[in-house]
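Below, each chain spelled out in residue letters.
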Amino acid sequence: MKILMFGDVFAKPGRDALKLAIEKLRRIHLPEFIIVNGENLAHGKGITPKLAEELFSWGIDVITTGNHAWDQNESHAYFDQCERLLRPLNYGSGEPRIPGKGVVIVANRDRPSLKLAVVLVMGRVFMDPLDCPFRAADAEVARLRSQGVHNILVDFHGEASSEKQAFAHFMNGKISAVVGTHSHVQTADERVLSEGTAAITDVGMTGCFDSVIGAKKELIIRRFLTKMPTKIEPAEGPGGYGCVVITVDEKTGRAQNIERIREVVI
Ligand SMILES: [Fe+2]
Ligand SMILES: [Fe+2]
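Nothing here was measured: the structure is a model prediction, and the numbers come from that model.

Draft legend 1. Fine view of the overall build of the protein. Looking only at helices and strands, one finds 6 helices and 12 strands in the protein. Scaling as 2.2 N^0.38, a compact globule of 266 residues should have a C-alpha radius of gyration of about 18 Å, and the protein matches this with 17 Å. When the 266 residues of the protein are sorted by exposure, 48% land in the buried category. Residue pairs at least 24 apart in sequence account for 64% of intrachain contacts in the protein once pairs closer than 6 positions are excluded.

Draft legend 2. Layout of the environment of Gly59. With respect to the helices and strands, Gly59 occurs in the loop between helix 2 (49-57) and strand 3 (62-64). Look at Gly59 and you get partly exposed, because 13 C-beta atoms sit within 10 Å. With sequence-adjacent residues up to four places away left out, Gly59 is seen in contact with Ile22 and Ile34.

Draft legend 3. View of unusual backbone geometry. In this model, Glu95 is joined to Pro96 through a cis peptide bond whose omega is -10°. With respect to the element layout, Pro96 can be found in the loop between helix 3 (76-81) and strand 4 (103-107). Phi is positive for His43, which is not a glycine, with a value near 55°.

Draft legend 4. Geometry of the pairing of strand 6 (residues 152-157). Taken across its 6 residues, strand 6 has 6 buried, putting it largely inside the fold. Where burial is concerned, the two faces of strand 6 agree: the one with Ile152, Val154 and Phe156 and the one with Leu153, Asp155 and His157 are both buried. Bridge count for strand 5 (residues 115-122) against strand 6 is 6 bridges, and the pairing is parallel. Paired with Met122 across the strands is His157, a residue of strand 6. Between the parallel elements strand 5 and strand 6, the chain passes through helix 4 (residues 133-146) in a crossover that is right-handed. With 5 bridges joining them, strand 6 and strand 7 (residues 177-181) adopt parallel strand pairing. Bridging across to strand 7, Leu153 finds its partner in Ala177. Once the chain exits strand 6 it traverses helix 5 (residues 161-170) before rejoining the sheet at strand 7, and the crossover so formed is right-handed.

Draft legend 5. Inspection of helix 1 (residues 11-29) at higher detail. For helix 1, built from 19 residues, the straight-helix expectation of 27 Å at 1.5 Å per residue is met to within 8% by its first-to-last C-alpha distance of 26 Å. All of the buried residues along helix 1 are Ala11, Pro13, Gly14, Arg15, Ala17, Leu18, Ala21, Ile22 and Leu25. With its phi angle positive at about 50°, Leu30 sits one or two positions after the end of helix 1.

The rules behind each value
- Residues numbered from 1 in each chain as written.
- Chains lettered and ligands numbered in written order.
- Predicted model: local features only at pLDDT ≥ 70, side-chain atom pairs only at ≥ 80, totals over all residues.
- Helix = DSSP H or I, 4+ residues; strand = E, 2+ residues; numbered from the N terminus.
- Rg over C-alpha atoms; globule rule 2.2 N^0.38 Å.
- Buried ≥ 20, exposed ≤ 12 C-beta atoms within 10 Å, placed from the backbone.
- Contact = placed C-beta atoms within 7 Å.
- Pairing = 2+ DSSP bridges.
- Right-handed = clockwise from strand over helix to strand, strands pointing away.
- Expected span 1.5 Å × (residues − 1).

Just distances and angles here, no functional claims.
Structural data, given as structure tokens:
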């Protein structure tokens, strides 16, 4: 089976590029599952129920998020209502309770017996210090595998490439793929590790590439120069997309191939 995964989709240029990309890549690759990181869908900050529903109507199976999960207040309750919208697993449990969950098992629309588990964890290097993403993911994956689920993709939402690469090796052989998100910059290190786990440090942004990670470059430069609070706006203009197509042996859960794609939509 094939899994098509997009990283952080940034504001309207990202949503427009994503729609074009899905139409094109679905014809070429015939993916059984499409996953999108949607933490920047709403003007760069978070996600709204309306935007999530729009993406689901395009045939997207799971939307992951990250540190921007809570940026839109109206979406907090929606994280509990929508099975296929994830927040990082390693926010932990206990009181006060955090809305939503960090794992979902989805079935293929045409072949319901074909299932994929998607897990989202967030890194701790240069990020908020949540529970350990390594231990949280390891425990969740062990639980999934004990239930007979072996087709498993993890979105590791993190800043540091070292943390994401270490995680990929830590999970090698236990999951089908780990796809890095959050940096918005695609890395050229896609590979299938020795025990059958596909990995890429960051799949990159879908949004306006003539920007600083999706935002208007003039505003970001000004913020660096002045160190004063500066309201950030999404860049405008033609967008592009970054994604990976991962081929998995559905009987074993082992990845066979990972293909990296980056294209500017003119
Ligand atoms: Fe992001
Ligand atoms: Fe992020």
